[in-house]
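Each chain, letter by letter, is given below.
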Amino acid sequence: MAKTTDISDDRGEDVAGPAVVAYTTEDDRYRPVREAAQAHAREHGCVVVLYAADVAGFMSDPMPNATDADGAGDRFGDRLGLADLEYLGRSTVASQVAQGRDTGARVAAWLPTGHGMGALAEYAHSLGAHVIFLPEQVASDDELSTLSSALGKSTSEGPSDIAVQVVGSPGG
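Let me sum up the structure you'll find in this document. (Residues numbered from 1 in each chain as written. Predicted model: local features only at pLDDT ≥ 70, side-chain atom pairs only at ≥ 80, totals over all residues. Heavy atoms only, no water.)

1. Side note on the overall build of the chain
Helix and strand counts for the chain stand at five helices and five strands. Scanning the chain from its N terminus toward the C terminus, one meets helices and strands in the order β-α-β-α-α-β-α-β-α-β. Counting only residues that meet the buried cut, the chain has 44% of its 172 residues in that class. For the chain, restricting intrachain contacts to residue pairs at least 6 apart in sequence, the fraction spanning at least 24 positions comes to 75%. About 8,600 Å² of surface is accessible on the chain, with carbon and sulfur atoms providing 47% of the total. (Helix = DSSP H or I, 4+ residues; strand = E, 2+ residues; numbered from the N terminus. Buried < 20%, exposed > 50% of the residue type's maximum accessible area, 1.4 Å probe, protein only. Contact = heavy atoms within 4.5 Å. Areas by Shrake-Rupley, 256 points an atom, 1.4 Å probe, with all protein chains shown as cover.)

This is the structure we're talking about:
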């Protein structure tokens, strides 16, 4: 059973329910990945969570932590809406969320603190996601092997059944 996330009503964002994860970056080079995930989400009634893979820094976290302002880290769930992204200074990712919503999909985002396919797999497991959409540019044999290995590990809910969908570039 997929996990759900409750978002407070005062934000007016419906990003709870079954999810798929779409690999993205703060630039627009992986638009086809987001579009494929949005089409899937509209067809299957799930939420796209944009996984902004390039925001994790080696010297800083994209999300508030215990040393930040009191309660700032408690404010955010496992899916970030437009207000959250703007508050965190991620307007380019917020723009991608808004663009996805304009297509009729329910879209949220996540700013990972970890790097690589292992962190992506861990996040997808935590959401109970059923598909990860990856761009073919990052889906090398080594990366797919790492992701498959990380996805293959059993969780507390049993073995993983998360599919991986590789999306080509436009016209490719």
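2. Some words on helix α4 (residues 116-127)
Between the first and last C-alpha of α4 there are 17 Å, a value that for 12 residues agrees with the 16 Å anticipated at 1.5 Å per step. Taken together, the buried positions of α4 are occupied by Met 117, Leu 120, Ala 121, Tyr 123, Ala 124, His 125 and Leu 127. (Expected span 1.5 Å × (residues − 1).)

3. Some details on the sheet that holds strand β1 (residues 19-24)
Within the open sheet, the five strands sit side by side as β3-β2-β1-β4-β5. Their pairing is parallel. Each edge of the open sheet is held by one strand with a lone partner, namely β3 (106-110) and β5 (163-167). Within the sheet, the average angular offset between the axes of one strand and its neighbour, ignoring direction, is 25 degrees. Note: strand β2 (residues 47-52) against β3, five bridges, orientation parallel. Along β3, the bridge assignment pairs Val 48 with Val 107. Most of the contacts of helix α3 (residues 91-102) go to β3, to which it runs at about 165 degrees, and overall it touches β1, β2 and β3. (Pairing = 2+ DSSP bridges. Axes fitted to C-alpha atoms, helices over the stretch in contact; angles between N-to-C directions.)

Taken by themselves, the reported measurements are silent on function.
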